[in-house]
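What follows is each chain in one-letter form.
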Amino acid sequence: VVSTPEYGKVFISVKSTTGQNLTETQKETLKSNLQPFTVASITPVIVDPETLFLILNSTVKYNSSATTKSTETISTNVRATIESFNDDDLKTFNGIFRHSKLTGQIDDTDTAITSNTLNVTLSKLFTPDTTQSKGYNIYYNNKFFNPHTEHNKASGGIIASTGFGISGQTGLEFFFDDDGAGNLRIYRLVGGLRTYYSSTAGTVDYTNGTITINPLFISSVSNYDGSTQNQIRITSIPDSLDVVPKRNQLLEIDTVNSTVQSQVDTISVGNDSGNVSFTTTSSTASTSSY
């Protein structure tokens, strides 16, 4: 569902208790059940919810003199806090991601924690049609970080993706990025360097948080997260650390690719050489470009 008005229609999005989208039969049944309550000029339209994933990178510092817990245990407990926040505050149509609320809960995970930083990346999945050339619109509905034109152009901007194949380019793996000036690009890695297949593969609307992919024959999708995939993941950097779901959108933390790193706070213990860290993440090997 987009912001452009469609008069005479009421859009209804349903989150199933099974976690699966409604079937077409279930949608038709729901519309039939609503018919006695609708105004004659209004048409109900059932649309699937869309999930905007949040990939979090948390760095926690703690006073090792105030606890007997290991860095591994601190990281594991912080991860549990993040997962609880995910279940309790998100995954609903009005579930706003409040950055300060989660960082406060992370601080409260253990009395030995002295501070934490939390970086946020937005992630959307889309399923390409691998049988024909087709264009795609991907809506994040949150402003992207773009402090000036051509921001981070040489290093790929703020857009990244998992890999995919293009028809006619046998055996090659491609990725998306952006030039910081509103152009979506396609590149492949040659000797570790980005070689661009297209510098105008689509557009990036930083203000409205929309990526448009021009008609493209995507012939295959690379595997990632340790399993076979049929979707491409595209990530972006948000302009705000608070993320708000809009219309039929749900927010959910990607706990597989989020990381937690705990470090001894050397200021608290008064020993600059005592910086020990431990990182936990559920992520497995990925073919993504980020």
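The following paragraphs examine the structure supplied in this document.

Calculation criteria
- Residues numbered from 1 in each chain as written.
- Predicted model: local features only at pLDDT ≥ 70, side-chain atom pairs only at ≥ 80, totals over all residues.
- Heavy atoms only, no water.
- Helix = DSSP H or I, 4+ residues; strand = E, 2+ residues; numbered from the N terminus.
- Buried < 20%, exposed > 50% of the residue type's maximum accessible area, 1.4 Å probe, protein only.
- Contact = heavy atoms within 4.5 Å.
- Areas by Shrake-Rupley, 256 points an atom, 1.4 Å probe, with all protein chains shown as cover.
- Salt bridge = Lys/Arg side-chain N within 4 Å of Asp/Glu carboxyl O.
- Pairing = 2+ DSSP bridges.
- Axes fitted to C-alpha atoms, helices over the stretch in contact; angles between N-to-C directions.

1. Digging into the overall build of the protein
Of regular secondary structure, the protein possesses 4 helices and 16 strands. Taking all 290 residues of the protein together, 40% fall into the buried category. Put simply, of all contacts in the protein between residues at least 6 apart along the chain, 69% involve residues at least 24 apart. Total accessible area on the protein is roughly 14600 Å²; 48% of this is exposed by carbon and sulfur atoms.

2. A closer look at unusual backbone geometry
The phi torsion at K91 lies on the positive side, around 65 degrees, for a residue other than glycine. Among the structural elements, K91 can be located in the loop between α2 (71–89) and α3 (99–107). One non-glycine residue, D225, lies in the positive phi region at around 55 degrees. For D225, the location among the structural elements is in the loop between β12 (218–221) and β13 (232–236).

3. Some details on the pattern of salt bridges
Two side chains with opposite charge may pair up if their charged atoms get near one another. The final tally for this structure, using the stated rule, is 10 salt bridges. Residues E50 and K124 are paired through a salt bridge, measuring 3.3 Å at the closest nitrogen-oxygen approach. Remark: K124 occurs in strand β4 (residues 113–126) and E50 occurs in strand β3 (residues 50–62); sequence separation between them is 74 residues. According to the relative accessible area criterion, K124 is buried, its value standing at 6%. Residue K153 is joined to E150 by a salt bridge in which the shortest nitrogen-to-oxygen separation is 3.6 Å. Connected through salt bridges with shared partners, the residues D177, R185 and R194 form a single ionic network.

4. As for the sheet that holds strand β11 (residues 210–216)
Read across the open sheet, the 5 strands follow the order β5-β11-β10-β9-β8; overall the sheet is antiparallel. Both outer strands of the open sheet, β5 (134–139) and β8 (175–178), are each paired with one neighbouring strand and no more. Recorded for the sheet is a direction-independent mean angle of 35 degrees between the axes of neighbouring strands.

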